[in-house]
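Fold and geometry: a report
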Protein chains: 4
Amino acid sequence: MAPIVSDEYKMKKKKQILDSALICFAEKGYQLATIDDIVQHSGISKGAIYNYFKSKEEIYIELMNENTKELDKDIQEVLQTYNTAPERVTRLFDLYLRNKPSESPGKEKFLVYYEFRLFSMRDEGLSDLLQERKKHIFIGNLVEILKEGQENGELSQDFNRELVANTFWSMIHGATLSTIIDKDFPYHEVLKNMKAMFISYLS
Amino acid sequence: MAPIVSDEYKMKKKKQILDSALICFAEKGYQLATIDDIVQHSGISKGAIYNYFKSKEEIYIELMNENTKELDKDIQEVLQTYNTAPERVTRLFDLYLRNKPSESPGKEKFLVYYEFRLFSMRDEGLSDLLQERKKHIFIGNLVEILKEGQENGELSQDFNRELVANTFWSMIHGATLSTIIDKDFPYHEVLKNMKAMFISYLS
Amino acid sequence: MAPIVSDEYKMKKKKQILDSALICFAEKGYQLATIDDIVQHSGISKGAIYNYFKSKEEIYIELMNENTKELDKDIQEVLQTYNTAPERVTRLFDLYLRNKPSESPGKEKFLVYYEFRLFSMRDEGLSDLLQERKKHIFIGNLVEILKEGQENGELSQDFNRELVANTFWSMIHGATLSTIIDKDFPYHEVLKNMKAMFISYLS
Amino acid sequence: MAPIVSDEYKMKKKKQILDSALICFAEKGYQLATIDDIVQHSGISKGAIYNYFKSKEEIYIELMNENTKELDKDIQEVLQTYNTAPERVTRLFDLYLRNKPSESPGKEKFLVYYEFRLFSMRDEGLSDLLQERKKHIFIGNLVEILKEGQENGELSQDFNRELVANTFWSMIHGATLSTIIDKDFPYHEVLKNMKAMFISYLS
DNA sequence: TATGAATGAGTGTTCATTCAT
DNA sequence: CATGAATGAACACTCATTCAT
C-alpha cells in the first residue's frame, strides 16, 4: 500500500519534534520537560508525536543519536580534509573552538547531552552501547591519527596512543562541561591552552 | 522553647538522611529517587525527614554543600601541609588520584555531583551561588598558589594564572566525568598524563 | 449516484471486518481490542473500516446480530427437519452438543457473545432489544414446540410451558458458560445429563 | 514502630473502597469505570485508594475474592447446619433462591462477578487459580455431600458424582446469568423447577 | 472508496508535601 | 519530635474517530 505521505515529509516531522524536544529538554531537563511542553513548542499534537516516537525516552535517545552522528560526521570531515597528524589534531580542537558550548544553541545541546550521558549510566544496555560507540568514533579515530603520525615520524614515539586519545577527549569534556556550568569560564582560552599543551606533548 | 533533643542528635539524624539520600540519588538519579526511597533506605519516617528538610530539593542542595565543604577541607589541607607551588599542584592532582571516581562509592558521589551541577543550571540563584563558590574555593585558591609560585620564581612567569587555574579544574572535571561515563576509562593514567603535561607547562 | 462497487463486494468486505473483529474481541475482549488490532488482523485500513461501520460499538453489535441470525437459522432448521416435540427438543440439545463451546473457535464465539450480553445490560435500548429478540427466537419457538407436544399428547400436561422453555435455555447457558470458564468442565456429559433430566421431566 | 491507625480502621477503609468499586463496576463495567468514579463515589482520594490497592485490577480481583469467600462461608454454613444429603442439596438451592440476582444489590454483584469470570479468561494464571478454587469450593464440597448421600443410601447409586456436581453448578450459573440478562426471567420458578428436577434425579 | 496521519480528551498511576494523632 | 495516611496536581501514554489527499 502506497504511503500517503512521503518519507521526506515524515523525516521533516520527526526533525521538528526532535528540535522542539531539544529546546524543551534544555530548558527544564529531560525529566521535568513534559510531552505537553513539546506539544506546545512544536505545535504538533500529542498523538502525532506518539506516531513518530514510541515514548519520551525514545525521543531522548534518538536526539542523542542524531547528536553523535553529527559529531561523527564532523570528525570524518576533519580526517578527510587534512592529512598530517598535527594538523588533524589541531583541527579536532578547532572543531570544538567552533562549536562554542558557551552560547546558544550549542550550550543547550551540550547541557542536554551531558545530562543524557549521566542519565544513561543507570541503564546498562544503553550505557554499554554508548561506551562502545565512543570507543569507536572518538578513541578509535584519534588512535588511528596518532598511529599514522608516529609511524611517519610526525609525532613523538614516546606516548601510549590509547592513553593520549583518552586524555584528549577528557580535556574536551572538561572544557565543555566547565563552560556549561560556569558562564564566566574562558572556554576559548582554556581550549587553546590545552591545545598548546597537547600538541607540544605529542611532539 | 528549649530544644527537647540535643543539637548533636539532630545533626546525626540529618547526616543519616543525607547519607541515604546520596545512595538513593546515585541509584536512580535525583528526579527518579523518591522520598519513599529515602524513607525505606534510612528507616526514618517521611514526616521526620520533613522535620529536618523542607523539601526534596533542599536535601539535594544540602548534600552538595556537604560535598563542597569536604572538598574545600581537602584543598585547605593540601595548602597547609605543603609549601611550594609545584608540590601543592602535585598534591591537588593526588587528591583526585586518591578520590577514585572509578569505583564505589566515589563514583556515585561524583555522578550525583555532576548531575546536580547540570540540574542547578536551571535555577539562576543556585547556579550563581555555585559559580561564585567555585570561583573562590577552586579558582581563588589555585590562583593564589600560582601567584606565590610565580613571585618566588618556582613557576614560569609566562602564563595567565586565572586561565591556568581554569585549565586545571577543567582537566580534573574531564577526567572525572570520563571515568563516570566510561567504565574502561584509564583514569589514573590519564590523570598522571595531565599532571605531567600541566606541571611541565607551568615550569 | 450509482454505487461504484457491487453490494456483494461490500458484503464481503464487511464480513472480513466482522471476522477479524470477532478474533480480536475474543483475544482481548471488546474494550481492550483496538481498531488498530482489527486493522492489523484484517489488513483493511482504518478509514475503510469506518466506511463500513460508524463506530467500534456498531461492529460489536452487528457481530452479535450475525451470531443471533445463525443461531436462529439453526433453530429453524431443527423445527423444519423434525416433527415431534421430544425429537425437536432432543435436536435442540444436539445443536449445542455439536456447537462445542469447549474448543476453538466456538469457545471464542461464546466468550465474546456472553461478554456482549453483559455489556449490553448498560444500554437500556440495546438490552431491551436483545431481550425481546430472545423472547421470540428462543422462548417463543420452544413454547410453540411444547404446546404442540402437549396438545397431541406427546408431552405431559403438567408443566408451565414458558417456565420450562426458560429452564431449557438457562440450562444451555449454564453449560456453555461453565465450559468457557472451566477448561476441565465435562460439557458433553453435563449436557447429556441435562437432556436426560429435561426430557424425562417433560414426559 | 507502632501503626498510627488500627488494623480495623484499615479494613474499614478497604471495605469502603471495595463497596464503592462494586457499585461503579456494576454501573459501567470494569473497563469503563474509572478510578475517579470510585473516588467520587467513595469520597476517598485517589492517592488514598492507591495506598490500599496497587492497581485498579487489584481492586477488581480483591472484590471477587471477597465474593468467593462469602459464598464459601454460606456453603460451609449449609454443610454445618444440615446433615442429610437431600436436605443439604435443597439448602444449596435455597441459598440461591435467597440471594436473588433478580434485584439490587445481588444483581449488580452477579453482573460484575460474571464479567470478571469472563475477563479473567485472558489471564492464564488468574484463570487457573479461579478454576482450582472452583474445583475445591464448589465441586469438592458437593461431591462430598453426594458421596455421603450415596454411602448411606439417601441417594441413588446410579450417578457419577463429579458430573452431577458440575451439572448442579452449571444450572445455578444458567439461572443466575439468565436473570441478569433478562429482567423478566422467572428466576425463582426456574430455580424451583431445577431443584425439583435435580432432587428427583438424585433419588 | 481507500488511506493512515492527526487529534485531544481521557486514563491509570505517581509522588512531594501536609497534618492529625 | 515521630508517624504514615491522606491529598491531588501532574504526567506519560492510548485510542476512537476524523479528514485531507
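Located above this text is the structure these notes cover.
First, a word on what this report is: a plain description of the structure on this page. Per-chain numbering applies: the sequence of each chain, read as written, is numbered from 1 onward. Note on labels: chains are lettered from A, ligands numbered from 1, in written order. Where local features are concerned, this predicted model is filtered to residues with pLDDT of at least 70; where side-chain atom pairs are given and counted, the filter is 80 or more; whole-chain, interface and lining totals use all residues.

**Remarks on the protein's contact with DNA strand E**
This is how it is decided: Any residue whose C-beta atom, as set from the backbone, lies within 6 Å of a molecule or strand is reported as near that molecule or strand. Gly is placed with the polar residues, together with every amino acid not listed as nonpolar (Ala, Val, Leu, Ile, Met, Phe, Trp, Tyr, Cys and Pro) or charged (Asp, Glu, Lys and Arg).
By nearness alone, 39 residues border DNA strand E, and A:Ser45, A:Gly47, C:Ser45, C:Gly47 and D:Thr34 come closest of all. Of the residues in the surface near DNA strand E, the class split is 16 nonpolar, 12 polar and 11 charged.

**Focus: the relation of the copies chain D and chain C**
Two copies of a chain can be linked by a rotation about an axis combined with a shift along that same axis. Quick note on the threshold: Superposing copies: least-squares fit, C-alpha atoms only, residues required to have pLDDT of at least 70 in both. Residues are defined as contacting one another if the C-beta atoms placed from their backbone atoms lie within 7 Å.
You can overlay chain D on chain C at an RMSD of 0.2 Å; the transform is a turn of 179° with a shift of 0.0 Å along its axis. These values place the two chain copies in the arrangement generated by a two-fold rotation axis. Of every C-alpha in chain D, the one belonging to D:Gly174 sits nearest the axis of rotation, 1.7 Å from it. Comparing contact sets, 100% of the residues at the interface of chain D also lie at the interface in chain C, consistent with an isologous, same-surface contact.

**Describing the packing of helix α1 (residues 7–28) of chain A against helix α4 (residues 56–81) of chain A**
Residue and element names in this part refer to chain A. Note the cut-off: Every axis corresponds to a line fitted to the C-alpha atoms, with the helix fit spanning only the stretch in contact, and the corresponding angles, defined between N-to-C directions, vary from 0 to 180 degrees. Each helix is a run of DSSP H or I of at least 4 residues and each strand a run of E of at least 2, with the numbering of both proceeding from the N terminus. In what follows, roughly perpendicular refers to angles from 65 to 115 degrees, roughly parallel to angles under 35, roughly antiparallel to angles over 145, and oblique to any angle outside these ranges.
Packing of α1 against α4 leaves a shortest axis separation of 10 Å and a crossing angle of 100°. Taken together, the axes of α1 and α4 lie roughly perpendicular to each other. Of the residues in α4, those touching α1 at Ile17, Leu18, Ala21 and Leu22 are Ile59, Glu62, Leu63 and Glu66. For the contact of α1 with α4, the class distribution of residues is six nonpolar, no polar and two charged.

**Let's talk about the relation of the copies chain A and chain B**
Mapping chain A onto chain B is achieved by rotating through 179° and translating by 0.0 Å along the same axis, at an RMSD of 0.2 Å. When the interface residues of chain A are mapped onto chain B, 97% of them again lie at the interface, so the same face is used by both copies.

**Overview of the protein's contact with DNA strand F**
The local shell around DNA strand F holds 38 residues, among which A:Thr34, B:Ser45, B:Gly47, D:Ser45 and D:Gly47 are the closest. For the surface near DNA strand F, the secondary structure elements donating two or more residues are α2 (35–42) and α3 (46–52) of chain A, α1 (7–28) and α3 (46–52) of chain B, α2 (35–42) and α3 (46–52) of chain C together with α3 (46–52) of chain D. Broken down by class, the residue content of the surface near DNA strand F amounts to 15 nonpolar, 12 polar and 11 charged.

**Section: the interface of chain D and chain C**
Listed by partner, the interface residues are 36 residues for chain D and 36 residues for chain C. Breaking the side of chain D that touches chain C down by element, the ones donating at least two residues are α6 (106–119), α7 (124–151), α8 (161–181) and α9 (187–202) of chain D. Sort the elements by how many residues they give to the side of chain D that touches chain C and α8(D) lands first, with 13 residues. Partitioned by chemical class, the residues of the side of chain D that touches chain C number 18 nonpolar, 10 polar and eight charged.

**Focus: the packing of helix α7 (residues 124–151) of chain C against helix α8 (residues 161–181) of chain C**
All names here are of chain C. Put simply, the rule reads: Each crossing gets its handedness from the near helix: less than a right angle anticlockwise from the far helix is left-handed, clockwise is right-handed.
Their axes nearest at 9 Å, the elements α7 and α8 cross at an angle of 125°. What the angle tells us is that α7 and α8 run oblique. The way α7 lies across α8 gives a crossing that is right-handed. Contacts between α7 and α8 involve Phe138, Ile139, Leu142, Val143, Leu146 and Lys147 from the first element and Arg161, Glu162, Val164, Ala165, Asn166, Phe168 and Trp169 from the second. Of the residues that constitute the contact of α7 with α8, the class distribution is nine nonpolar, one polar and three charged.

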